[in-house]
Amino acid sequence: MVRVLWAIVLACCLGIGASQLRAGEPNTSFDRGSRELGAVCDPGATLSDDERGILLNKLRISTSGRAVLDDFVRQYGSFTNLLVQWDTVSYSQVVSVPQQPGRSPAGESLLGNGVCVHLTRKLPEIEHVADLAHELTHATRLSFKVLHGEVADVAEFVRARLTARGGEADAFSVECKVKHELLGRWDEFCSPYGTLSAADSFDTVQVIKDFYNGRLSASLTGETYPVMLARQYKAMLAKRARVQYATNPYAGK
Ligand SMILES: [Zn+2]
């Protein structure tokens, strides 16, 4: 049986929008998702290989999406190490499973060797593609310390998870750029931050301000990002304390 070494819930997603994807390039076939990942990811309805392939191909049409997919292969070896599941909320997990010799190519990621992306099932399809881009940005760009909450305090954790490479502002920026490249315009959710029509102009400074002031919130919980992240940090500390206690019940007495 596959043993979970560790799994970290990454983050929630933003995003409500509309419209159709532009017709794209010929489809690419992606490696099938590993069954072993299904045993370690949180429960969810795993997308069929066809469903997953459609989303990955749509993502691949955009320049920003293709960059994220290239990063994924560099970090995790191959798409065998990506499982995508329908869920009630979008988030991702980086997991570590024992590598079978000669099976999944190993990537260079220090975070883990597999990624589970949970996607909110909603219409239209472009929101699934955008959420996938958002979650893969977290999984490929966050540093080990920021992912694990190895920071001085809760304020530093919130700041890092909002502003660091692979943090919420970065993931939101990628999500919006992917939509812009596929739709040919900023959607209503991203347009306040698209300062120019070009996809490479995006005001992440304002995004960060709006995370802090609550104008941009975690849409499904309605919480502001700082509140949600502070709760996540406390849960991480509590879990760490429990592990420490189990390892050495006399520690700190
Ligand atoms: Zn996120």
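Just so you know, these numbers come straight off a predicted model, no measurement behind them.

Caption draft 1: Structural context of the overall build of the protein chain. When helices and strands are tallied, the protein chain shows nine helices and five strands. What you see in the protein chain, going N to C, is helices and strands ordered as β-α-β-α-α-β-β-β-α-α-α-α-α-α. Counting the 253 residues in the protein chain, one finds 43% classified as buried. Taking contacts inside the protein chain between residues at least 6 apart in sequence as the whole, the part at least 24 apart equals 75%.

Caption draft 2: Seen up close, the packing of helix α7 (residues 168-183) against helix α8 (residues 204-213). Taken N-terminus to C-terminus, the directions of α7 and α8 make an angle of 125 degrees; their axes are 10 Å apart at the nearest point. Between α7 and α8, the angle falls in the class oblique. Classified by chirality, the crossing of α8 by α7 is right-handed. In this structure, α7 uses E168, A169, F172 and S173 to contact α8, whose residues at the interface are T204, V207, I208 and F211. For the contact of α7 with α8, the residue count by class is five nonpolar, two polar and one charged.

Caption draft 3: Representation of the environment of E175 in the model. Within the secondary structure, E175 sits in helix α7. Judged by the 28 C-beta atoms lying within 10 Å of it, E175 is buried. In sequence terms E175 and A133 are 42 residues apart; their C-alpha atoms lie 5.7 Å from each other.

Caption draft 4: Spatial organisation of helix α6 (residues 154-163). All of the buried residues along α6 are F157, V158, A160 and R161. Angularly, the buried residues of α6 cover 165 degrees about the axis, an arc narrow enough to put them on a single face. Residues of α6 that are buried make contact with α5 (144-148), α7 and α9 (225-247).

Caption draft 5: Quick look at the packing of helix α2 (residues 49-61) against helix α4 (residues 125-141). Where α2 contacts α4, the two axes come as close as 9 Å, and the packing angle between them is 75 degrees. Classed by the angle they form, the pair α2 and α4 counts as roughly perpendicular. Listed contacts from α4 to L55, K58 and L59 of α2 are H128, V129, L132 and A133. Here the contact of α2 with α4 is composed, by residue class, of five nonpolar, one polar and one charged.

Caption draft 6: Fine view of α2. Taking 1.5 Å per residue as the helical rise, α2 with its 13 residues ought to reach 18 Å, and the 18 Å between its terminal C-alpha atoms agrees with that figure. All buried positions along α2 are accounted for by R52, L55, L56, N57, K58 and L59.

Caption draft 7: Structural context of the environment of G194. Relative to the assigned elements, G194 resides in the loop between α7 and α8. With 14 residues separating them in the primary sequence, G194 and H180 have C-alpha atoms 9.3 Å apart.

Caption draft 8: Up close: the pairing of strand β3 (residues 82-87). Pairing analysis gives two bridges linking strand β2 (residues 45-46) to β3, with the strands arranged antiparallel. Bridge pairing in β3 links A45 to W86. When β3 meets strand β5 (residues 114-120), the two strands line up parallel, connected through six bridges. Residue pairing for β5: W86 is matched across the bridge by L119.

Here is what the cut-offs are and how they apply
Residues numbered from 1 in each chain as written. Predicted model: local features only at pLDDT ≥ 70, side-chain atom pairs only at ≥ 80, totals over all residues. Helix = DSSP H or I, 4+ residues; strand = E, 2+ residues; numbered from the N terminus. Buried ≥ 20, exposed ≤ 12 C-beta atoms within 10 Å, placed from the backbone. Contact = placed C-beta atoms within 7 Å. Axes fitted to C-alpha atoms, helices over the stretch in contact; angles between N-to-C directions. Parallel < 35°, antiparallel > 145°, perpendicular 65-115°, else oblique. Left-handed = near helix turned anticlockwise from the far one by under 90°. Nonpolar A, V, L, I, M, F, W, Y, C, P; charged D, E, K, R; others polar. Arc of directions from axis to C-beta. Expected span 1.5 Å × (residues − 1). Pairing = 2+ DSSP bridges.

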